[in-house]
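Summary of structural features
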Amino acid sequence: MILVTGGAGFIGANFILDWLDCSDEPVVNLDKLTYAGNLGNLASLKRDSRHIFVRGDIGDRDLVLSLLNEHRPRAIVNFAAESHVDRSIHGPADFIATNIVGTFALLDAVRAYWTALAGDERTHFRFVHISTDEVYGSLEPGAPSFAETNSYAPNSPYSASKASADHLVRAYHHTYGLPTLTTNCSNNYGPRQFPEKLIPLMLHNGLAGKPLPIYGDGGNVRDWLYVGDHCAAIRTVLERGAPGETYNVGGNAEITNLNLVRTLCRVLGELKPGCDAESRITFVRDRAGHDRRYAIDASKIRRELGWEPRETFESGIARTVRWYLDNAAWLAAVTSGEYQKWISLNYAAEVV
Ligand code: NAD
Ligand code: DAU
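What counts as what
Residues numbered from 1 in each chain as written. Chains lettered and ligands numbered in written order. Predicted model: local features only at pLDDT ≥ 70, side-chain atom pairs only at ≥ 80, totals over all residues. Heavy atoms only, no water. Near = heavy atom within 4 Å. Polar contact = N/O pair within 3.5 Å; in protein donor to acceptor, adjacent residues only side chain to side chain. Areas by Shrake-Rupley, 256 points an atom, 1.4 Å probe, with all protein chains shown as cover. Helix = DSSP H or I, 4+ residues; strand = E, 2+ residues; numbered from the N terminus. Buried < 20%, exposed > 50% of the residue type's maximum accessible area, 1.4 Å probe, protein only. Contact = heavy atoms within 4.5 Å. 1 Å grid on protein atoms, 1.4 Å probe; cavity = no way out; pocket = protein on both sides within 12 Å on 5 of 7 lines; lining within 4 Å. Points joined across faces, edges and corners; volume = space filled by probe spheres on them. Nonpolar A, V, L, I, M, F, W, Y, C, P; charged D, E, K, R; others polar. Pairing = 2+ DSSP bridges. Axes fitted to C-alpha atoms, helices over the stretch in contact; angles between N-to-C directions. Left-handed = near helix turned anticlockwise from the far one by under 90°.

**A short note on the site of ligand 1**
Around ligand 1, a shell composed of 28 residues is seen, among which Ile 11, Asp 31, Ser 83, Tyr 158 and Lys 162 lie nearest. Take Leu 33: an N or O atom from its main chain is 3.4 Å from an oxygen atom of ligand 1. Within the backbone of Asn 188, one N or O atom sits 2.9 Å away from an oxygen atom of ligand 1. Bound to the protein, ligand 1 loses 97% of the 840 Å² it would expose on its own. Residue assignment for the shell around ligand 1 shows that the elements contributing at least two residues are helix H1 (10-22), strand S5 (126-132), helix H6 (157-176) and strand S7 (187-189). Top contributing element to the shell around ligand 1 by residue count: S5, with three residues.

Structural data, given as structure tokens:
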């Protein structure tokens, strides 16, 4: 079996659902269930004995070690993190606690477990750490995409905390020989993404008749990847990646925020006639320290491991919009209560 952390969040839940679609190998899912963790994402696995859910913190070394000794996984996939840049600007402390200190505790427990393994179990064990392209900083227009050899230059408390975690993972490989692999992926989108992030926020506001808040001039560029393609890349790295290596993962789909939101509005209008979201696009105060452009050079994982995305940007966006239209109850459940407090904190009350 494998141990997944943060498996009730957006990418982790998609990963577990895809994993159990492809194989019968059980998954232990360790998740703290922060505001971003949602067992509703895994409702279809409620009676599936291949999914074992444990509520807990990756920073709890004793809990992690006892789970490892009880379930004896052959691999760890570490998704658990605080993941939203704007929240890291309002309150960095949780990002330091989970992304840095928590990753350290997790690594240390895994090292103790792995050190005690012998033979094939020890040789084939893997620790896959899920990171982000934001560790590389911001690109000028026309500059080459981020390669694995780029220097780290994180600009937000979020990206700095992820960069720190990546360095710890690297050090545990270099110093102790722990068989770690790191993926640095671009912006994901798809089903089950919490509507604090650009695409689901715009879909939610578009459907609710609210303004669509674009930071700054809308000219910031991101490189988008459908979440199912990211999950396939992680499975590939787990099975065929070389310990100690890092792999950049991206969709080769650079687009400005403004053009992306216009595309979303067009697809919404096609699938839900009468929904005129584009007229509600509203420019708002820019994010502090807003990175201008991210772009990933995914040639290493393509060349060495044979992975490439299956969805185009157009097909992925259409699937995503359809999922949000078909899952109105999911969206309603995650946008009640605490969510409204976040919206009031991050956006001027008159805008959203
Ligand atoms: P998310 O915020 O949707 O989910 C994070 C999950 O981790 C939640 O279920 C939460 O409850 C859990 N969690 C948080 N702190 C925890 C702790 N201390 N112990 C155990 N569980 C904890 O995040 P996501 O978008 O699914 O991102 C998953 C990972 O992928 C993160 O490491 C993120 O940095 C990385 N990543 C995300 C993207 C993206 O576009 N979303 C792109 C590249 C990399
Ligand atoms: O690049 C990978 C990263 O992508 C991941 O590591 C992060 O976990 C993930 O949150 C994402 O970070 P971004 O900051 O790029 O994603 P977000 O969806 O928050 O914003 C995307 C772009 O849209 C960014 O330029 C900011 C802008 N934006 C965002 C929001 C929420 C807006 O213009 N308006 C908004 O309301």
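**Digging into the site of ligand 2**
Every one of the 25 residues lining ligand 2 counts as a neighbour, but Asp 133, Tyr 158, Arg 287, His 290 and Tyr 347 are closest to it. Here Leu 198 contributes a backbone N or O atom positioned 2.8 Å from an oxygen atom of ligand 2. Interatomic distance of 2.9 Å between a side-chain N/O atom of Asn 257 and an oxygen atom of ligand 2. Across the complex, the protein chains shield 95% of the 690 Å² of accessible surface that ligand 2 would expose by itself. Elements represented by at least two residues in the shell around ligand 2 include exactly helix H3 (85-90), helix H7 (198-208) and strand S8 (212-215).

**Description of the side chain of Thr 180**
The topology assignment puts Thr 180 in strand S6 (residues 180-185). Classification of Thr 180 as buried rests on a relative accessible area of 3%. Apart from residues lying up to four places away in sequence, Thr 180 is in contact with Phe 127, Val 169, His 173, Pro 243, Gly 244 and Glu 245.

**Digging into empty space enclosed by the protein**
For the structure on display, the rule yields one cavity of 30 Å³ or more. The volume enclosed by the largest cavity comes to roughly 50 Å³. The wall of the largest cavity is formed by Val 85, Asn 155, Ser 156, Arg 222, Arg 287, Ala 288, Gly 289, His 290, Asp 291 and Tyr 294. Each residue belonging to the lining of the largest cavity can be placed in one class, and the counts come to three nonpolar, four polar and three charged.

**What about unusual backbone geometry?**
With phi around 55°, Leu 33 is a residue other than glycine that occupies positive phi space. Tracing the backbone shows Leu 33 in the loop between strand S2 (27-31) and strand S3 (51-55). The backbone of Asn 252 shows a phi angle near 55°, a positive value even though the residue is not glycine. Here Asn 252 lies in the loop between strand S10 (246-249) and strand S11 (254-256).

**A word on the sheet that holds strand S4 (residues 75-78)**
Spatially, S3-S2-S1-S4-S5-S6-S10 is the arrangement adopted by the seven strands of the open sheet, whose pairing is parallel. Two strands close off the open sheet at either side, each with one partner strand: S3 and S10. Averaged over all neighbouring strand pairs, the angle between strand axes comes to 20°, with direction disregarded. Lying on the sheet, helix H4 (residues 93-115) is in contact with strand S1 (2-5), S4 and S5; it crosses S5 at an angle near 165°.

**Some thoughts on the packing of helix H2 (residues 61-71) against H4**
Relative orientation and spacing of two packed helices are given, respectively, by the angle between their axes and the distance between those axes. Running from N to C, H2 and H4 cross one another at 35°; their axes reach a closest spacing of 9 Å. Viewed along their axes, H2 and H4 form a crossing whose handedness is right-handed. Of the residues in H4, those touching H2 at Arg 61, Val 64, Leu 65, Leu 68 and Asn 69 are Ala 105, Leu 106, Asp 108, Ala 109, Val 110, Ala 112 and Tyr 113. A class-by-class count of the residues in the contact of H2 with H4 yields nine nonpolar, one polar and two charged.

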